[in-house]
Amino acid sequence: MSSYHDQQPTVFVLDFGAQYAQLIARRVREARVYSEIVPFDISVEEVTRRAPAALILSGGPASVYADGAPHMDPRVLALGIPVLGFCYGIQEMALHLGGEIPKTDVGEYGFAELEVLGGGGELLVGVTERSQCWMSHRDSVGTAPAGFAVTARTATTAIAAMEDPARRLYATQFHPEVAHTEFGQRIIERFLHEIACIPPMWTMVNIIDETVDLIRERVGTDRVICGLSGGVDSSVVAAILHRAIGDQLTCVFVDHGMMRLDEGAQVIHTFRDHFHIDLIHVDAEKRYLDLLAGVTDPERKRHIIGEEFWKLFFEEAEKLEGVRWLAQGTLYPDVIESGNKTAAKIKSHHNLIPFPPGVHFDLIEPLKALFKDEVRAVGAELGLPDEIVHRQPFPGPGLAVRIIGEITHGKLELLRKADAIVREEIGAWDTERSVWQYFAVLPDIRSVGVMGDERTYGHPIIIRAVASADAMTADWARLPHDLLAKMSNRIINEVEGINRVAYDITSKPPGTIEWE
Ligand code: XMP
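Keep in mind the model is a prediction, meaning the values are calculated, not measured. (Residues numbered from 1 in each chain as written. Predicted model: local features only at pLDDT ≥ 70, side-chain atom pairs only at ≥ 80, totals over all residues. Heavy atoms only, no water.)

## Section: the environment of aspartate 444
- With respect to the secondary-structure elements, aspartate 444 resides in the loop between strand S15 (437-441) and strand S16 (447-451).
- Given a relative accessible area of 47%, aspartate 444 falls into the partly exposed group.
- Sequence-wise, aspartate 444 and isoleucine 404 are 40 residues apart; in three dimensions their C-alpha atoms are separated by 5.3 Å.
- Setting aside its immediate chain neighbours within four residues, aspartate 444 contacts Ile404, Gly405 and Lys411. (Helix = DSSP H or I, 4+ residues; strand = E, 2+ residues; numbered from the N terminus. Buried < 20%, exposed > 50% of the residue type's maximum accessible area, 1.4 Å probe, protein only. Contact = heavy atoms within 4.5 Å.)

## As for a negative patch on the surface
- A contiguous patch of negative charge, built from Asp209, Asp213, Glu217 and Glu381, is present on the exposed surface.
- In terms of residue count, the dominant contributor to the negative patch is helix H5 (residues 204-219) (3 residues).
- Within the secondary structure layout, aspartate 209 lies in helix H5. (Patch = residues over 30% accessible without salt bridge, like charges linked within 9 Å, V, L, I, M, F, W, Y side chains within 5 Å. Areas by Shrake-Rupley, 256 points an atom, 1.4 Å probe, with all protein chains shown as cover. Salt bridge = Lys/Arg side-chain N within 4 Å of Asp/Glu carboxyl O. Lys, Arg positive; Asp, Glu negative; His and termini not counted. Charge placed at Lys NZ, Arg CZ, Asp CG, Glu CD.)

## Description of the packing of aromatic side chains
- Using the criterion set out here, one finds 14 aromatic pairs in the structure.
- Taking 6.1 Å as the distance between ring centres and 65° as the angle between the ring planes, the aromatic pair formed by tyrosine 170 and phenylalanine 191 counts as edge-to-face. Separated by 21 residues along the polypeptide, tyrosine 170 in strand S9 (residues 169-172) and phenylalanine 191 in helix H4 (residues 184-195) bring together distant segments of the chain. Residues tyrosine 170 and phenylalanine 191 agree in their burial class; the two are buried.
- Through a chain of ring-to-ring contacts, the aromatic side chains of Phe309, Trp310, Phe313, Phe314 and Phe361 assemble into a single cluster.
- The ring of tryptophan 476 is capped by arginine 478, whose NZ or CZ atom sits 3.9 Å from the centre of that ring. (Phe/Tyr/Trp six-rings, centres within 6.5 Å; stacked < 30°, edge-to-face > 60°. Lys NZ or Arg CZ within 6 Å of the ring centre and 35° of its normal.)

## With respect to the nonpolar core
- Core analysis: the largest hydrophobic core is formed by 50 residues, its most contacted members being Met258, Ile426, Leu479 and Ile491.
- For this core, the element with the highest residue contribution is helix H9 (residues 298-319), accounting for 8 residues.
- With residues near it in sequence (within four places) discarded, leucine 479 still touches Ile426, Trp429, Val435, Ala465, Leu484, Met487 and Tyr503. (Core = buried A, V, L, I, M, F, W, Y, C linked by side-chain atoms within 4.5 Å.)

## Some words on the sheet that holds strand S14 (residues 362-364)
- The strand order S12-S11-S10-S13-S14 describes an open sheet built from 5 strands, whose pairing is parallel. The open sheet has two free edges, formed respectively by strand S12 (278-283) and S14, since each of these has just one partner strand. Each neighbouring strand pair of the sheet contributes to a mean axis angle of 30°, computed without reference to strand direction.
- Sheet topology places strand S10 (residues 223-227) next to strand S11 (residues 249-255); 4 bridges connect them, and they run parallel. Bridge pairing in S11 places glycine 227 opposite valine 252.
- The sheet contacts of helix H7 (residues 263-274) involve S11 and S12, and relative to S12 the element is tilted by about 165°. (Pairing = 2+ DSSP bridges. Axes fitted to C-alpha atoms, helices over the stretch in contact; angles between N-to-C directions.)

## Some thoughts on the sheet that holds strand S3 (residues 54-57)
- One open sheet holds the 9 strands; their spatial order is S2-S1-S3-S4-S9-S8-S7-S5-S6, and the pairing between them is mixed. This sheet does not close on itself; its edge strands, each paired only once, are strand S2 (34-39) and strand S6 (130-137). Going from strand to strand, the sheet's axes swing by 25° on average, the running direction of each strand aside.
- Here helix H1 (residues 20-30) sits on the sheet and contacts strand S1 (10-15), S2, S3, strand S4 (83-86) and S6; the angle it forms with S2, its principal contact strand, is near 160°.
- Strands S3, S4, S6, strand S8 (161-164) and S9 of the sheet are contacted by helix H3 (residues 88-97), whose axis makes an angle of about 120° with S4.

## Side note on the site of the ligand
- Surveying the vicinity of the ligand reveals 15 residues, the closest of which are Lys347, Gln437, Lys508, Ile513 and Glu514.
- Contacts to the ligand include lysine 508, whose side-chain N or O atom sits 2.7 Å from an oxygen atom.
- Across the complex, the protein chains shield 87% of the 500 Å² of accessible surface that the ligand would expose by itself.
- When its residues are assigned to classes, the shell around the ligand shows 5 nonpolar, 6 polar and 4 charged. (Near = heavy atom within 4 Å. Polar contact = N/O pair within 3.5 Å; in protein donor to acceptor, adjacent residues only side chain to side chain. Nonpolar A, V, L, I, M, F, W, Y, C, P; charged D, E, K, R; others polar.)

## Here we look at unusual backbone geometry
- Geometrically, the link from lysine 508 to proline 509 is a cis peptide bond, its omega value of -20° lying close to zero.
- Among the structural elements, proline 509 can be located in the segment after strand S19 (498-503).
- The backbone of arginine 32 shows a phi angle near 65°, a positive value even though the residue is not glycine.
- On the secondary structure map, arginine 32 appears in the loop between H1 and S2.
- Residue alanine 51 is not a glycine yet carries a positive backbone phi of 45°.
- In this structure, alanine 51 sits in the loop between helix H2 (44-50) and S3.

Next up, the structure:
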């Protein structure tokens, strides 16, 4: 079966091994063109077969001369498909087409002033004569291949951009995909829309219409089941499926009792009362707390919660007749990352815990080609409320990974109250949504304090608030002292049992965002 993006002109981003490929793919989508990340060594036959509308070569950590450095099939450059190379990509182009890349030992990292030469050729149209760009390289091209014109330089890089319009080849040593490059998005759009002549037709309305048609065609009159957690991804999956197949959809909301304050009620209200979706609410707090009694190891907690989720979910599915399909909120970054076999496992993510033996469903994954910001835009377009569309990431195991040590009903209640204060206060201050995620953590320690004239021996609450673009790395948010003071006061006064508040000032790495 074809999928909705098959009908779109596609840009391939050849991944030379840096974290930049994902960012490039996102920037292309922002220019409203569909993009996919492909391996750097994709064969010329595969490229010919899939006929992408353009190619972008990503940056990469290696030197083109290093042993084992990634190299593309040079024949791809001769297909007549427009190609744009960034950083390692410009060097790859130069290497294969007869340019020179001397070993200079003079790298360039961070901001640089870009000077456009000779009007900027075709690619740099509209870039001012001097602007800011972002560099991150050691080697650079010394002599451009025959046929190429040099269109920009910086103080240390003589060839910061080059192009051969006759062969439709363009490249920059700097990184246009990074926000610090002043005209970066403009350069990408110029390449896509005007040089490669790809119309900006990747829109959310389009995606929704096409996805709805495809789901209908695939599912026919079968029943579909969907696990709903209240998070953005599963909510958008539920809403899009409901639009496609209405009553053939049943959602199962497994409430493990480790949700935040009022969260369970909100999920039920949105989906049952607002969307009129057939929703089964499984109140499983007791079952979970029994299973988790005495468990303190973070990975054990994650496994117990993930496995029990599937068990409960399948118990419900069995009660329904003729369910063949399971809908899941897999996103494009999950697809990219599952291809990455070398990454070390830090935490077992809830949603990736395998099905128990004997269980089989056919999967529908309508968000598989989308990035998170696109999923949010689809959600807004489908009429999901703002609180869901802009909900912060919340781990599948919920508050369980924010209570260090054993989980009890009492600790959950305590943490829920403190967390509600943190969310209310930072939420009111952060109207621009500059903080990626903020919450409270309850550690497994107690300390001595004094309230009134009385000695107290209570728990501390740790406030965690981080700035991040994608949760892969993060920095602790520089919250104003007054805001920290207000939260501390409120938590100690309003949450009985808490006598101390601390602020976590650890970035990721070396910390992680969650405590477990
Ligand atoms: P860490 O703690 O690894 O978290 O820095 C990175 C991001 O992932 C979220 N997170 C999860 N999300 N299932 C999820 O869907 C999980 O099991 C899970 N654990 C952590 C976390 O909140 C942060 O945004």
